[in-house]
Each structure stands twice: as C-alpha cells, then as structure tokens.
Amino acid sequence: MLETVSPAARTSLPLPELYSRVERHIPAIEWPVLADDIAAILKLKREKNAVILAHNYQTPDIFHTVGDIVGDSLALAREAARTDASVIVLAGVHFMAETAKLLNPEKTVLIPDLRAGCSLAESITAADVRLLREAHPGVPIVTYVNTSAAVKAESDICCTSGNAKKIVEGLGVPKVIMIPDEYLARNIAAQTHVEIIAWKGHCEVHERFTPEDIREMRANYPGVTVLAHPECPPEVVAECDYTGSTAGMADYVGQKRPHRVVLLTECSMSDNVALQYPDLEFVRPCNLCPHMKRITLKNIRHALETMSHEVTVDPEIADRARLSVERMLAIG
Ligand code: 13P
Ligand code: SF4
C-alpha cells in the first residue's frame with residue numbers, strides 16, 4: 001500500500017533521505033535543482049501550517065517528497081475531511097480541490113494551476129443533470145467525484161472508482177443513474193444486479209487503451225499481470241487480470257507482488273509504485289494526463305509563496321454538493 005506520511009514527519013525528513021526515495025527515477029545531476037524547490041516547500045508548509053494532498057498520478061518528485069497525504073480520490077477526500085492544517089494544497093486536478101473545499105469551508109484550499117481540469121468533469125453540466133432527473137423521475141443520481149461542485153449539488157450521492165459498486169448497491173434500489181463516466185458505469189453494471197443508466201462522458205486518458213494493447217503486451221511480455229483502471233472501456237477491463245481504483249491497483253501490486261506487471265492508467269502511477277517495489281518489473285505502456293501534469297514542484301512552491309490559486313465554491317452550491325460527498329463518505 002502507498003504510505004501516508006504525517007505532515008510533521010515529512011517536513012522534518014532530511015533532503016538526502018528524500019532523495020533516497022526517488023534516486024532510481026531522478027538522476028543525481030537533476031536533484032540539486034529539485035532539492036531547492038523541495039526545501040522551500042517544506043519550509044513554507046511549516047510556516048503556513050499547510051498540508052499537501054497529492055494524487056497517485058503526480059510525478060515522483062512531488063509524490064515521494066512533498067506530498068503529506070498521497071492516494072486515490074477517495075483517500076484524498078477522506079483525509080481532507082480530517083486534516084487540522086490551515087491550508088490545503090491540492091496536487092491534483094480541480095475537482096479534487098473543490099471536494100477538499102466542500103469538506104473544509106473554513107480553510108484555504110489552493111491549486112497550483114487553475115487549468116488542471118478533467119475531461120469527465122467537462123462532459124456534464126448542472127443543467128444536464130436536472131434534465132436527467134426530469135427524464136427519470138425517482139431514480140437516484142450517483143455522481144462520480146470527477147465532476148464540478150455544481151453537478152454534485154444536483155446529485156443524490158457521490159462515488160469514486162474505489163467505492164462505486166458499494167454506493168450503487170448501498171442505495172437498495174433496482175435502478176440508478178450513474179454520471180458522467182460511461183465506462184465506469186458499464187464496468188460497475190457488469191458486477192451488479194442494479195440497473196444503471198449511464199452518461200456519455202469519457203476520460204481522455206483511459207479511453208485510449210484497447211483490448212489489442214493487452215493482447216500485444218501478453219505476447220511481448222509473457223506472464224505479465226495486467227491491471228486496469230475502471231475508466232477504461234469495458235472491452236479492456238474484460239481482458240485484464242484486475243480492475244480497481246488507483247489505490248486498488250497499488251494495493252494489488254503490494255499484496256500479490258506480480259513479478260511482471262502493467263498498469264493501464266496514467267504514467268506517473270507506475271513510476272510511483274515501481275519506486276516502492278524495485279524487485280518487480282513494470283511494463284510501461286501508459287498515457288499521460290495533461291491536467292495532472294500541470295502541477296509541478298515550481299508551481300506548488302509558488303502557490304504557497306503567494307497563497308494562490310484559491311479554490312472557492314458558491315456557498316449555496318457548496319451546501320448541496322457537500323451533502324452528496326458526505327453521504328458517500330458515510331457509506332464508504
Ligand atoms: P482514482 O479515484 O482511482 O484515484 O481515480 C481518479 C482519476 O482521475 C482517475 O483518472
Ligand atoms: Fe480526469 Fe482522466 Fe485526468 Fe483522471 S486521468 S483527471 S479522469 S482526464
């Protein structure tokens with residue numbers, strides 16, 4: 001399992017110890033430049049009582065050195081609800097920062113680059129959700145956290161890839177609407193008796209994987225274990241050995257220790273997990289998320305220096321959106 005280090009523990013680690021975590025990924029010649037930003041970020045975190053929540057898709061220099069809480073969207077939401085820091089820096093994408101803000105209306109939540117969006121969040125609006133509700137009266141709306149606060153505000157409950165099946169089944173109804181990821185909805189529908197009405201949103205990173213990719217990998221890398229995120233098309237998930245959230249995939253690798261493995265997901269995920277398991281072979285076909293890659297050590301430092309960019313949510317929308325997130329956290 002990817003570890004979570006308390007902010008106090010991480011900010012007191014000496015730089016050479018931090019380098020030892022990433023030395024298999026970052027050449028020694030590049031370290032001094034990064035170390036300057038890392039030292040500045042650690043100092044700023046102490047001064048401002050700030051915590052950095054870093055998603056599993058952040059690059060190893062961020063993930064393994066300055067991230068205090070690391071994990072999938074569910075873990076980041078849970079930890080955002082628990083933190084006693086005054087400032088939260090979200091090293092991830094905008095919907096994750098908005099979720100942290102919903103759960104911490106009194107705290108300052110910063111995102112280092114406001115352009116860090118998500119194709120799924122872009123695929124649906126609050127007006128679309130209202131129309132869906134009209135078209136299917138009485139059918140609960142389960143909304144993936146990869147959406148805007150305005151969309152969450154129109155929903156009954158949120159889910160993540162880590163708890164989607166539990167949330168859908170936990171409602172105890174024969175039919176739900178699940179938005180906006182068509183593939184996640186179809187992948188969950190294949191695991192449950194609950195009927196699922198889907199939307200046509202897709203993740204621009206995971207929709208690019210194909211069953212042919214898997215067949216090619218199995219031919220070129222005999223014995224490879226294939227893990228896929230449930231945002232991949234169902235035809236891809238049907239041919240993989242395991243599907244789960246980013247944390248689910250990391251846990252699978254930690255527990256089963258497949259000698260040769262490929263993670264069909266964002267590239268940095270493999271980099272981060274591979275650093276923890278040097279004895280395993282990671283096959284690397286992966287796709288980059290351009291939104292996640294907007295976050296860098298430099299702009300994290302800048303965010304803390306200038307206290308920008310602050311993420312805010314209209315209070316009326318926030319009150320309704322928070323209910324959807326809190327209902328999810330209460331179930332699991
Ligand atoms: P996880 O919740 O599995 O970390 O997924 C978030 C995401 O954006 C995947 O593309
Ligand atoms: Fe959104 Fe896909 Fe990027 Fe995840 S990987 S943040 S779902 S675009």
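Procedures and definitions
- Residues numbered from 1 in each chain as written.
- Chains lettered and ligands numbered in written order.
- Predicted model: local features only at pLDDT ≥ 70, side-chain atom pairs only at ≥ 80, totals over all residues.
- Heavy atoms only, no water.
- Buried < 20%, exposed > 50% of the residue type's maximum accessible area, 1.4 Å probe, protein only.
- Helix = DSSP H or I, 4+ residues; strand = E, 2+ residues; numbered from the N terminus.
- Pairing = 2+ DSSP bridges.
- 1 Å grid on protein atoms, 1.4 Å probe; cavity = no way out; pocket = protein on both sides within 12 Å on 5 of 7 lines; lining within 4 Å.
- Points joined across faces, edges and corners; volume = space filled by probe spheres on them.
- Nonpolar A, V, L, I, M, F, W, Y, C, P; charged D, E, K, R; others polar.
- Contact = heavy atoms within 4.5 Å.
- Near = heavy atom within 4 Å.
- Sits in = over half its atoms within 2 Å of the grid points.
- Core = buried A, V, L, I, M, F, W, Y, C linked by side-chain atoms within 4.5 Å.
- Axes fitted to C-alpha atoms, helices over the stretch in contact; angles between N-to-C directions.
- Right-handed = clockwise from strand over helix to strand, strands pointing away.

Visitor: Is there a simple way to think about the pairing of strand β5 (residues 141-144) in this case?
Guide: Two faces, one strand: in a regular strand the side chains alternate between the faces of the sheet. Both faces of β5 are covered, namely the face carrying Ile141 and Thr143 and the face carrying Val142 and Tyr144. In terms of strand pairing, β5 meets strand β6 (residues 157-159) through three bridges, oriented parallel. Counterpart to tyrosine 144 in the pairing with β6 is cysteine 159.

Visitor: What's the story with empty space enclosed by the protein in this structure? I'm lost.
Guide: Scanning the entire structure with this criterion turns up three cavities of 30 Å³ or more. Here the largest cavity defines a volume of roughly 250 Å³. Together, 27 residues line the largest cavity, and Tyr57, Phe95, Asn146, Glu231 and Met292 are the ones closest to its centre. Broken down by secondary-structure element, the contributors of at least two residues to the lining of the largest cavity are α5 (73-82) and α6 (94-103). Each residue belonging to the lining of the largest cavity can be placed in one class, and the counts come to eleven nonpolar, 13 polar and three charged. Volume-wise, the second largest cavity comes out at about 70 Å³. Lining the second largest cavity we find Leu53, Ser73, Leu76, Ala77, Ala80, Leu90, Phe95, Met96, Thr99, Ala100 and Val145. Among the elements of the structure, α5 and α6 are those that each provide at least two residues to the lining of the second largest cavity. When grouped by side-chain class, the residues that make up the lining of the second largest cavity number nine nonpolar, two polar and no charged.

Visitor: What should I look at first to understand the environment of arginine 218 in this one?
Guide: With respect to the helices and strands, the residue arginine 218 is situated in helix α12 (residues 211-220). In this structure arginine 218 comes out as partly exposed when scored by relative accessible area, which is 31%. Remark: the alpha-carbon pair of arginine 218 and lysine 298, spanning 80 residues in sequence, is separated by 39 Å. Excluding its chain neighbours within four sequence positions, the residues that come into contact with arginine 218 are Val224, Val226, Glu239, Cys240 and Asp241.

Visitor: Honestly, the site of ligand 2 in this entry has me stumped. Any pointers?
Guide: Neighbouring residues of ligand 2: Tyr57, Val93, Cys118, Ser119, Leu120, Asn146, Cys203, Val205, Glu231, Cys289 and His291. Applying the majority rule of atoms within 2 Å of the grid points places ligand 2 in the largest cavity.

Visitor: Explain the nonpolar core here, please?
Guide: General note: in soluble globular proteins, nonpolar side chains tend to be found buried as a group. The biggest cluster of nonpolar side chains holds 93 residues, and the ones touching the most others in it are Met178, Val253, Leu263, Phe282 and Ile300. Here the element with the most residues in this core is helix α3 (residues 31-48); it accounts for seven residues. When residues no more than four places from it in sequence are discounted, the contact partners of phenylalanine 282 are Val253, Val261, Leu263, Ser270, Val273, Ala274 and Tyr277. Counting 13 residues, the second-largest nonpolar core is a separate cluster that includes Phe209, Ile214, Val224 and Val262.

Visitor: Just to check I follow, could you spell out the sheet that holds strand β12 (residues 281-283) for this structure?
Guide: The four strands are arranged β10-β9-β11-β12 in an open sheet whose pairing can be described as parallel. Two strands close off the open sheet at either side, each with one partner strand: β10 (242-243) and β12. Sheet strands touched by helix α14 (residues 246-256): β9 (225-228), β10, β11 (260-264) and β12. Its angle to β9, the strand with the most contacts, is close to 160°.

Visitor: Looking at this model, I keep getting lost on the pairing of β9. Mind explaining?
Guide: Of the two faces of β9, the one holding Thr225 and Leu227 and the one holding Val226 and Ala228 are both buried throughout. Relative to β10, β9 runs parallel, the two sharing two bridges. By the bridge assignment, leucine 227 is partnered in β10 with tyrosine 242. The β-α-β motif built from β9, the intervening helix α13 (residues 234-239) and the parallel element β10 has right-handed crossover chirality.

Visitor: Honestly, the environment of phenylalanine 63 in this entry has me stumped. Any pointers?
Guide: Following the sequence through the fold, phenylalanine 63 ends up in helix α4 (residues 60-63). In the structure, phenylalanine 63 is positioned 221 residues away from arginine 284 in sequence and 18 Å away in space, judged by C-alpha atoms.

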